[in-house]
Amino acid sequence: DDDDDEEGDEEEDDESESEEEELLPIEKKSRKEDARRVKEKKDAAAEQLQTNMVIDDDDIYQLEDHELDDPDRPPNLQHVQARIQEVVRVLADFKARREAGRARGEYVERLVADLATYYGYNHFLIQYFLDTFSVSETMELLEANETQRPVTLRTNTLKCRRRELAAALINRGVNLDPIGKWSKVGLLVYDSRVPIGATPEYMAGQYMLQSASSFLPCMALAPQEGERVLDVAAAPGGKTTYLAALMRNTGMIFANEFQKKRLSSLVANLQRMGCTNATVCNYDGRALPKVLGHVDRVLLDAPCSGTGVIAKDSSVKVSKSEADIAKCAHLQKELLVAAIDCCDAGSKTGGYVVYSTCSITVEENEAVLDYILKKRDVKLVPTGLEFGRPGFTSYRGKTFHPSMDKAKRFYPHVHNMDGFFVAKIKKLSNRTSGPAGAAAAEGGAGGAEDEDDEDEEEDDLEEEEDAKAAEGGAGGLKGRKK
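Bear in mind the structure is a predicted one, so any value in this text is a computation, not a measurement. (Residues numbered from 1 in each chain as written. Predicted model: local features only at pLDDT ≥ 70, side-chain atom pairs only at ≥ 80, totals over all residues. Heavy atoms only, no water.)

S.K.: Can you help me understand unusual backbone geometry in this one?
M.R.: For residues other than glycine, phi is negative in most cases, and the peptide bonds are mostly trans. Cis geometry marks the peptide bond from Ala235 to Pro236, where omega comes out at 5 degrees. Looking at the secondary structure, you find Pro236 in the loop between β5 (228-231) and α11 (238-246). Phi at Ala222 is positive, roughly 45 degrees, even though this residue is not glycine. By the secondary structure assignment, Ala222 is in the loop between α10 (215-221) and β5. (Helix = DSSP H or I, 4+ residues; strand = E, 2+ residues; numbered from the N terminus.)

S.K.: For this particular structure, what's the right way to read the environment of Val362?
M.R.: Its place among the elements puts Val362 in the loop between β9 (352-357) and α16 (366-375). As a C-alpha pair, Val362 and Ser394 span 32 residues in sequence and 9.7 Å in three-dimensional space. Residues contacting Val362, with those up to four places away along its chain left out, are Tyr128, Ala367, Phe392, Tyr395, Phe400 and Arg409. (Contact = heavy atoms within 4.5 Å.)

S.K.: How do you make sense of the nonpolar core when you look at a structure like this?
M.R.: In globular proteins that are soluble, nonpolar side chains generally tend to be buried together. Of all hydrophobic cores here, the largest spans 62 residues; its most connected members are Phe129 and Leu336. Per element, the largest residue contribution to this core is 7 residues, and it comes from helix α15 (residues 322-342). Apart from the residues within four sequence positions on either side, Leu336 is in contact with Leu300, Val353, Tyr355, Val368, Leu369, Ile372 and Ile425. By size, the runner-up hydrophobic cluster in this structure holds 33 residues, among which are Leu216, Ala235, Leu266 and Leu385. (Core = buried A, V, L, I, M, F, W, Y, C linked by side-chain atoms within 4.5 Å. Buried < 20%, exposed > 50% of the residue type's maximum accessible area, 1.4 Å probe, protein only.)

S.K.: It is not clear to me how the packing of aromatic side chains should be interpreted in this structure. Could you clarify?
M.R.: Using the criterion set out here, one finds 12 aromatic pairs in the structure. Arranged with centres 5.5 Å apart and planes meeting at 85 degrees, the rings of Phe94 and Tyr107 form a pair that is edge-to-face. Remark: Tyr107 occurs in helix α5 (residues 104-119) and Phe94 occurs in helix α4 (residues 94-97); sequence separation between them is 13 residues. An identical accessibility class is assigned to Phe94 and Tyr107; each is buried. Considering the side-chain rings of Tyr121 and Phe129, the 6.2 Å spacing of their centres and the 80 degrees angle between planes classify their relative orientation as edge-to-face. For the residue pair Tyr121 and Phe129, the accessibility class agrees, reading buried in each case. Cluster of aromatic residues (ring-pair linked, three or more members): Trp182, Phe215, Tyr242, Phe387 and Phe410. Its guanidinium or amino end placed over the ring of Phe94, Arg104 lies 5.7 Å from that ring's centre, counting from NZ or CZ. When the ring centre of Tyr202 is taken as origin, the NZ or CZ atom of Arg272, which lies over that ring, is 3.9 Å away. (Phe/Tyr/Trp six-rings, centres within 6.5 Å; stacked < 30°, edge-to-face > 60°. Lys NZ or Arg CZ within 6 Å of the ring centre and 35° of its normal.)

S.K.: Is there a simple way to explain the sheet that holds strand β4 (residues 207-209) in this structure?
M.R.: Neighbouring strands of a sheet are bound in pairs by backbone hydrogen bonds; such pairs are parallel or else antiparallel. One open sheet holds the 4 strands; their spatial order is β2-β3-β1-β4, and the pairing between them is antiparallel. Strand pairing shows two members of the sheet lacking a second neighbour, β2 (174-178) and β4, which therefore form its edges. With strand direction ignored, the average angle separating the axes of adjacent strands in the sheet is 35 degrees. Along the sheet, helix α8 (residues 162-171) makes contact with β1 (151-155), β2, β3 (186-192) and β4, crossing β2 at roughly 155 degrees. Packed on one face of the sheet, α11 meets β1 and β4 and runs near 35 degrees to β1. (Pairing = 2+ DSSP bridges. Axes fitted to C-alpha atoms, helices over the stretch in contact; angles between N-to-C directions.)

S.K.: What exactly am I supposed to notice about the environment of Asp341 here?
M.R.: Relative to the helices and strands, Asp341 resides in helix α15. Residues Asp341 and His294, spaced 47 residues apart in sequence, show a C-alpha to C-alpha distance of 7.6 Å. Among residues more than four places away in sequence, those in contact with Asp341 are Pro289, His294, Arg376, Lys427 and Thr432. In terms of polar contacts, Asp341 uses its side chain to reach the side chain of Arg376, at 2.8 Å. (Polar contact = N/O pair within 3.5 Å; in protein donor to acceptor, adjacent residues only side chain to side chain.)

By themselves these figures say nothing about function.
Written as structure tokens, this is what we have:
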């Protein structure tokens, strides 16, 4: 049988050699690359099987005490990684694999400490991820945050078509593909022989280097030709220029940016991309309703904690605390109230606000929307995005409005793009108070205690808004993340 197999293999080799002679050099290279990938997968699977066999030899894991760790010595990362794998395995089937007399909390505490050491996070963020996701999904998220997201660019349809741009860049030695069925303008760059941010096509404004997740809020807003649109936090201009392209340079875009130092990049990108329907302004977002009056649609890509873009900015791993997230959430509520007040409920074509953040924390996303549903006469509507996970309708004992599942969440480990949140809001009337009492009760965000908390927070926000308005809208947007 072995002889027959060998003869068969030789025949196959001869056939493949004759095929390869007919192939173009690029096809040969592609075949080799495919074979290499298949081999890598087989090796990885074999290694995983080996690891599993070793682990399954001893089902009950003896949990090590924290006291045994010497704080003065650098941690042995191989040992920490092995311990993480063991604890994850125990938590997957806790009853069968736990050590007698040990509580689940002890294993979780050990896991939090080890993950913080291994991946370089503070304990707060690791605990937050474990509270939000399952153990296995948290591991996938942490691993995804260690690798950069793919380089993506957006074709500027004001100047060229995607097909023409792709052909021009391929001629310059750029290896790329369409980003996916969900976008008609995105391109995914694998590698490039030339600096992708310095090609003649880039200088001519034929494309913008832009993360895939930044396409989503603009697609959700779906501005129409001839409308008045406001971008509350516009720099460096990726989303603003996409809005201009969607509107075919008609109507008017108010591109607002609070931080003066970021205005130059915004203006430069608007000029490079040929956006002639945009006006740049420099106000605190919270003062815009008194400055601008009403517009048809508003995009608020709010400043946030950046927990969705850890792969880009690893300082987030250790710099963010519960207090930072609470500060961001407070500012986001103020900005969203202002954005909704700028929107005209009576607009014939619009009356929509899109709220987005590059954060995956509930406090900055669902909790902000839940607050606004009580504060203004608005409702959540479908975003129109084909993919993404639905927003949370409840989180750790707190219940949100049932329509919260119309919002969309995006994760690095699921969608291979930055962690992102997008929600579309329809303004029902221009009243500056919340919906009627009965409607608010139906909105049901968790009991009398929650309502008292919200009332207190509303009073605080109103006092701050009045104070800011009195100062002429100067103030606060610190730590702006984009």
